[in-house]
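Observations on chain architecture
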Amino acid sequence: MHQLLKRSLSVVSLSESSRGWVLPTHQFFHTTRPSLSAKGGGNRPQSSETTPSSVGTASTVESADKNKSKSQRDRKQQANVSGDSSLIDSFGRFHSYLRISLTERCNLRCKYCMPAEGVQLTQKEHLLTSAEVIRLANLFVTEGVRKIRLTGGEPTVRKDLTEIVGQLKATNPLLESVGITTNGLMLTRQLVGLQRAGLDALNVSLDTLRATRYEQITRRKGWERVMAGIDLAIQLGYRPKVNCVLMKGFNDDEICDFVELTRVRNVDVRFIEYMPFTGNRWDTDKMVSFRTMLDTIRARYPAFEPLPNGPNDTSKAYRVPGYRGQMGFITSMTEHFCGSCNRLRITADGNLKVCLFGNTEVSLRDALRSPGCSEDDLRCLISAAVKRKKKQHAGASPLSTSFVHSAPHRPITLLAHDGGLQCRRYSSLSHVDEHTGRATMVDVDDKVSTKRVAKAQATVYVGPTIAALIENNELKKGDVLSISQMAAIVAAKKTSDLIPLCHNIPLSSIKVETSLNSSTNEVHILAKVKCDGKTGVEMEALTAVSIAALTVYDMCKAVSHEILIKNIMLVEKTGGKSEFYRKQLHHEPTLESRTIESREPDQMPIITRGYRTDPIITNEPFVPMYI
């Protein structure tokens, strides 16, 4: 096997006259014996005897067939996903691709990424553990994710990278691809082990083909090691993707050099339009557009031709006829691909980002580490974040989201209190025994089980300053609307634990909508709770909107305490002995109760009265400053 790899490596010492360097094969051998396993090499057969032209023709057909197969598979998968999947956003985009950052650390100090002394890193205890990474990945795969890419920082600096790849492949038979994005410095030491663990794909970040310039960009040596790692990947059967961020006046003079890299190497070089993130030291005029790149290449390679692309591909594929590899252009700035975006990201500290450009982040780590958090709770949190994803990274976010959650039956918690003095006369209310004064729960054993529905609402006046922060998602504590939805779901499930003498009910559905009214500077909350049981769920609905309102207050109070929670009310109750709905009136609300016989449920409109602006207690001159 050692000789086989050695013979294979000799093939790579090709007539690379354009770059004029020889592959340092001695770097590939270390204490772990390389192995071209059937899983790694067998799936990617290559022939060193094939001429470049024939390879180019074959690769075109292979690429077209591959993209056609991928497109068909994506459409089939999309058709099999139910409409209420937690990974479908409000624009119908199904997210099947997850990127997980394993670390914030990096062994380079690229000038456009961080200062020479590095950046302050998150404490280790606040980062996801390998077990948490696997648990989250398994949950996303269950929901429909089929491709996972491990990123950083630099993922190869994490000692358990190989184990994580192996566990992802071993525990998720539905997972079609596990890849990594790396700077390539550690590939010659780790790639064989990663292939044995099941690594399917490889992205290498490389912004220059000149060793001196590499040191200028990264403030480190190692260009030869990166090139050796790329060639090892090719020999092990991968087609590595080489990602290059082009910057005007810095490395845009190497465009054609990267094209030449694809002449004899089976690589996919992808030029990325420079993205001006906040905090970069570069000016926005450093960006080289896709059209400019294309014009530069075609001036030297007139036959430069496009290739078919898959439905969710972010890269526009091209090739020079007869060249073994291909090119790609990621047009993040000039021709964004938001309409077909199927990507989600999890940061190293466990925050879910639904858009690379967005500042919306929801902490899955905190949810994971909460004692009572179930997988259903995590799905609700993920669903809320995904459904608030904007149409495009420069567009406006939807004002409301909703999701459905099923809650399993939980053990009933009883609260009982013995009465006071024996001479006291006790109320005849149903929750209190008139003779002993002991609190009791209503006996519903003789009642008939029916479908019960309750709707409740609440309003939180936050003022223009906080409203603007919520709309732009700039509050330090996170996404107010999504997190308040999650709080409402959890509260509805725990109503019997919070309110004495409430029956514990196996809820079949909880739907929560939160929206921001920018004109009135109010957060509107609506909860709809369902169950099949012998008692109603109005308390669950009211508890949901109350806790959601308090969550809004808690997340915003650091900005101002001039926040008013108001109009917590029941909107509708159906399915029991009597039904209730609230009428719209110009003055004080009128509550009306009707029996099932007098009004059918489907004839009952949900009409909400106008919101009050005056405080409930009026004997003191309390008025919020913004009203």
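Residues numbered from 1 in each chain as written. Predicted model: local features only at pLDDT ≥ 70, side-chain atom pairs only at ≥ 80, totals over all residues. Heavy atoms only, no water.

Description of the pattern of salt bridges
Tallying each qualifying case throughout the model produces 23 salt bridges. The closest approach of N and O atoms between Glu132 and Arg369, which form a salt bridge, is 2.8 Å. Here Arg369 lies in the loop between helix 10 (364–368) and helix 11 (375–387) and Glu132 lies in helix 3 (residues 130–143), a separation of 237 residues in the sequence. For the salt bridge of Asp253 with Arg210, the shortest nitrogen-to-oxygen distance reads 3.3 Å. On the criterion of sequence distance, the pair formed by Asp253 in the loop between strand 5 (241–246) and helix 8 (255–261) and Arg210 in the loop between strand 4 (201–205) and helix 6 (211–218) is long-range, its members being 43 residues apart. Note on Arg210: relative accessible area 31%, which makes it partly exposed. Connected through salt bridges with shared partners, the residues Arg210, Arg213, Asp253, Glu254 and Asp257 form a single ionic network. (Salt bridge = Lys/Arg side-chain N within 4 Å of Asp/Glu carboxyl O. Helix = DSSP H or I, 4+ residues; strand = E, 2+ residues; numbered from the N terminus. Buried < 20%, exposed > 50% of the residue type's maximum accessible area, 1.4 Å probe, protein only.)

Side note on the packing of aromatic side chains
A complete count under the given rule lists 8 aromatic pairs for this structure. Ring centres of Phe271 and Phe329 lie 6.0 Å apart, and the angle between their planes is 50°; on these two criteria the pair is classed as tilted. Separated by 58 residues along the polypeptide, Phe271 in strand 6 (residues 268–273) and Phe329 in strand 9 (residues 326–330) bring together distant segments of the chain. Note on Phe271: relative accessible area 0%, which makes it buried. (Phe/Tyr/Trp six-rings, centres within 6.5 Å; stacked < 30°, edge-to-face > 60°.)

Things to note about the pairing of strand 15 (residues 450–461)
The buried fraction of strand 15 amounts to 10 of the 12 residues, a majority that puts the element mostly inside the structure. With 12 bridges joining them, strand 15 and strand 17 (residues 522–533) adopt antiparallel strand pairing. Looking across to strand 17, one finds that Val460 is bridged to Val523. Pairing between strand 15 and strand 18 (residues 564–574): 8 bridges, direction antiparallel. (Pairing = 2+ DSSP bridges.)

Thoughts on the sheet that holds strand 2 (residues 147–151)
Within the open sheet, the 12 strands sit side by side as 7-8-9-6-5-4-3-2-1-10-11-12. Their pairing is mixed. On the outer flanks of this sheet lie strand 7 (305–306) and strand 12 (361–363), each paired with one strand and no other. Pairing of strand 7 with strand 8 (residues 315–319) involves 2 bridges; the strand directions are antiparallel. Within the sheet, the bridge partner assigned to Pro306 lies in strand 8 and is Tyr318.

Focus: the environment of Gly118
Relative to the elements of secondary structure, Gly118 occurs in the loop between strand 1 (97–101) and helix 3. Each C-alpha atom, one on Gly118 and one on Leu108, is 9.0 Å from the other, the two residues being 10 residues apart in sequence.

Some thoughts on unusual backbone geometry
Between Gly152 and the following residue, Gly153, the backbone shows a cis peptide bond with an omega angle of 10°. On the secondary structure map, Gly153 appears in the loop between strand 2 and helix 4 (161–171). You will see that Asn567, though not glycine, has its phi angle at about 55°, which is positive. Assignment of secondary structure puts Asn567 in strand 18.

Focus: the environment of Ser205
Within the element layout of this structure, Ser205 appears in strand 4. Exposure remark for Ser205: the relative accessible area of 35% places this residue in the partly exposed category. Excluding anything up to four places from it in sequence, Ser205 contacts Thr181, Thr182, Asn183 and Asn243. (Contact = heavy atoms within 4.5 Å.)

With respect to the packing of helix 11 against helix 13 (residues 480–493)
Packing of helix 11 against helix 13 brings their axes to within 9 Å, and their N-to-C directions diverge by 150°. Between helix 11 and helix 13, the interaxial angle falls into the category roughly antiparallel. Crossing handedness for the pair helix 11 and helix 13: right-handed. Contacts between helix 11 and helix 13 pair Asp377, Cys380, Leu381, Ala384 and Ala385 from the former with Ser482, Gln485, Met486, Ile489, Val490 and Lys493 from the latter. When the residues that make up the contact of helix 11 with helix 13 are grouped by side-chain class, the tally is 7 nonpolar, 2 polar and 2 charged. (Axes fitted to C-alpha atoms, helices over the stretch in contact; angles between N-to-C directions. Parallel < 35°, antiparallel > 145°, perpendicular 65-115°, else oblique. Left-handed = near helix turned anticlockwise from the far one by under 90°. Nonpolar A, V, L, I, M, F, W, Y, C, P; charged D, E, K, R; others polar.)

Things to note about the pairing of strand 4
Counting buried positions along strand 4 gives 4 out of 5 residues, so the element sits mostly inside the fold. Direction of pairing for strand 3 (residues 177–182) relative to strand 4: parallel, over a ladder of 4 bridges. Counted as the bridge partner of Ile180 is Leu202 from strand 4. The parallel pair strand 3 and strand 4, bridged by helix 5 (residues 187–197), forms a crossover whose chirality is right-handed. One ladder, built from 3 bridges, connects strand 4 with strand 5; its direction is parallel. Bridged to Asn203 within strand 5 is Lys241. (Right-handed = clockwise from strand over helix to strand, strands pointing away.)

Comments concerning the nonpolar core
Grouped together as the largest cluster of nonpolar side chains are 130 residues, with contacts concentrated most on Phe140, Ile148, Leu150, Phe271 and Ile470. Per element, the largest residue contribution to this core is 8 residues, and it comes from helix 15 (residues 538–556). Summarising the domain contributions, this core has at least three residues from each of domain 1 (86–388) and domain 2 (450–581). In contact with Phe140, not counting residues within four places along its chain, are Leu87, Leu98, Val145, Leu344, Ile346, Leu352, Leu364 and Ile382. (Core = buried A, V, L, I, M, F, W, Y, C linked by side-chain atoms within 4.5 Å. Domains from an automatic or database assignment.)

What about the packing of helix 5 against helix 7 (residues 223–235)?
Close contact between helix 5 and helix 7 brings their axes to 9 Å; oriented N to C, the two are set at 25°. Accordingly, the angle class assigned to the pair helix 5 and helix 7 is roughly parallel. Judged by the twist between their axes, the crossing of helix 5 over helix 7 is right-handed. Residue-level contacts link Leu187, Thr188 and Leu191 of helix 5 to Arg225, Ala228, Gly229, Leu232 and Ala233 of helix 7.

The values reported here are purely geometric and, on their own, carry no functional implication.
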